[in-house]
Amino acid sequence: MSGPVEIESVTQWNETLRSATAAGQTVFVDFHAVWCGPCKQIAPFFAQFVQKNPQAIFVRVDVDAQKAIASKYRISAMPTFIVIKAGKQVDFLQGADPRGLATLIARHAARVVPLSAEAETAKEEGNKHFASGDYTPAVEAYTTAISHTPESPQLYANRALAYLRLGGKENLPKALADAVKATELDERWGKGWARLGDVMLAIGEDETDPEGVKKMLSAAQESFENAVGLLEGSPSQQTG
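Residues numbered from 1 in each chain as written. Predicted model: local features only at pLDDT ≥ 70, side-chain atom pairs only at ≥ 80, totals over all residues. Heavy atoms only, no water.

The subject of this paragraph is helix α5 (residues 117-131). Along its 15 residues, α5 runs 21 Å from first to last C-alpha, staying within 8% of the 21 Å computed at 1.5 Å per residue. Where α5 is concerned, the buried positions are Ala119, Ala122, Lys123, Gly126, Asn127 and Phe130. Within α5, the buried residues cover an arc of 145° as seen down the axis, which keeps them to one side. In α5, those exposed residues whose orientation departs by more than 90 degrees from the buried face are Ala117, Thr121, Lys128 and Ala131. The inward-facing, buried residues of α5 abut α6 (135-148) and α7 (153-166). (Helix = DSSP H or I, 4+ residues; strand = E, 2+ residues; numbered from the N terminus. Expected span 1.5 Å × (residues − 1). Buried < 20%, exposed > 50% of the residue type's maximum accessible area, 1.4 Å probe, protein only. Arc of directions from axis to C-beta. Contact = heavy atoms within 4.5 Å.)

Structure, rendered in C-alpha cells:
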C-alpha cells in the first residue's frame, strides 16, 4: 500500500473498522476537505506513516462526501485526526500540526493484541497495583494476564517495568527477558524498544565491570535509537 485508503462509503468504513478490530489493528483517520488548505499541506506527512507502520491502518475521509461518518465523530474542524481501537475512538488531534500528529501516531501505532476477558481483568489489576507502588502484586497480576494472552507485547512490557521498579540483581534479568520478548512480539513497537533501553540502562548502572557497563550502555543507546526511529516521539514510562 502506497498511501492511506480513501473511504468512499459508509459500508467501506464499517468493513474497515470490523477488519481492523478482528486483526487487532489501530486505525488512524484523517478527516479532511477538498477546499481546506492546511489539509492539503499535511496530507503528504500523514501518508508517510503508512510505510513506517504496516501494522496499523491509515484512512482519509472527505467530510463533505461522507457527511454521515463526519457527523458520527462530531468533526467540526479540518483537518482532524482520530485514533480508533477495537471500534472505539481513543484519541484525536485537530489542526495541521506535524509534531502533534507524529506524537499521536507514536502513542497508538502498536499492534493491538485483543486480550481475553481474564487477561484484561488481570492487566487492570496489575495497573492498579503498579500505580500504587505495589510492584510485587503487579508482577503477579501481569503474569496471570500473560498466561491468558501470551502473544501481547504490552503485557510483557508492563511486567518488565514492574520488575524494573522492584530492582535488585534477581529482578533485572527478568525485566530484560520481558523487554526482549516485547520487541520480539512486535519489532515495530517503539515503546517496546524504549522499555528495553530503560532496562539496559538500569543493568548498566548496576554493572561493576567497566566492559560490561560499556556494552550495556551501547545496547541501550541502540534500543533508544530504534524507539525514536519508530516513534518520532519520547519513550513512555507508563504501563499500557
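Next comes the rest of the account.
To continue, consider the sheet that holds strand β5 (residues 88-94). Here five strands make up an open sheet; going across it, the order is β1-β3-β2-β4-β5 and the pairing mixed. Because the sheet does not close on itself, it has two edges, and the strands there are β1 (5-6) and β5. The pairing of β1 with strand β3 (residues 57-62) spans two bridges and is classified as parallel. Its bridge partner lying in β3, Glu6 is registered against Arg60. Across the sheet, helix α2 (residues 37-52) is in contact with β2 (27-32), β3 and β4 (80-85); its angle to β3 comes to roughly 160°. Where helix α4 (residues 98-108) meets the sheet, its contacts fall on β2, β3, β4 and β5, and the angle it forms with β5 comes to roughly 160°. (Pairing = 2+ DSSP bridges. Axes fitted to C-alpha atoms, helices over the stretch in contact; angles between N-to-C directions.)

Along its 14 residues, α7 runs 20 Å from first to last C-alpha, staying within 8% of the 20 Å computed at 1.5 Å per residue. Among the residues making up α7, those that are buried are Pro153, Gln154, Leu155, Tyr156, Ala157, Asn158, Arg159, Ala160, Leu161, Ala162, Tyr163 and Leu164. A positive phi of about 70° marks Gly167, the residue just after α7.

What follows deals with the UniProt feature "repeat: TPR" (unreviewed entry) in the protein chain. UniProt's feature table lists "repeat: TPR" (unreviewed entry) at residues 119-152, given in the numbering used throughout. Here residues 119-152 is 79% helix and 0% strand, with 10 Å between the C-alpha atoms at its ends. (UniProt positions renumbered as here; feature names shortened; annotations may be inferred.)

Attention shifts here to the nonpolar core. Within the largest apolar cluster, 20 residues are counted, with the highest numbers of intra-cluster contacts made by Trp13, Val27, Val29, Phe31, Tyr73 and Ile84. Secondary-structure elements contributing two or more residues to this core are α1 (10-23), β2, β3, α3 (67-72) and β4. Sequence-distant contacts of Phe31, defined by excluding residues within four places in its chain, comprise Val61, Val63, Ile69, Ala70, Tyr73, Ile75, Met78, Pro79, Thr80 and Ile82. Within the second largest apolar cluster, 19 residues are counted, among which are Tyr135, Val139, Leu164 and Ala179. (Core = buried A, V, L, I, M, F, W, Y, C linked by side-chain atoms within 4.5 Å.)

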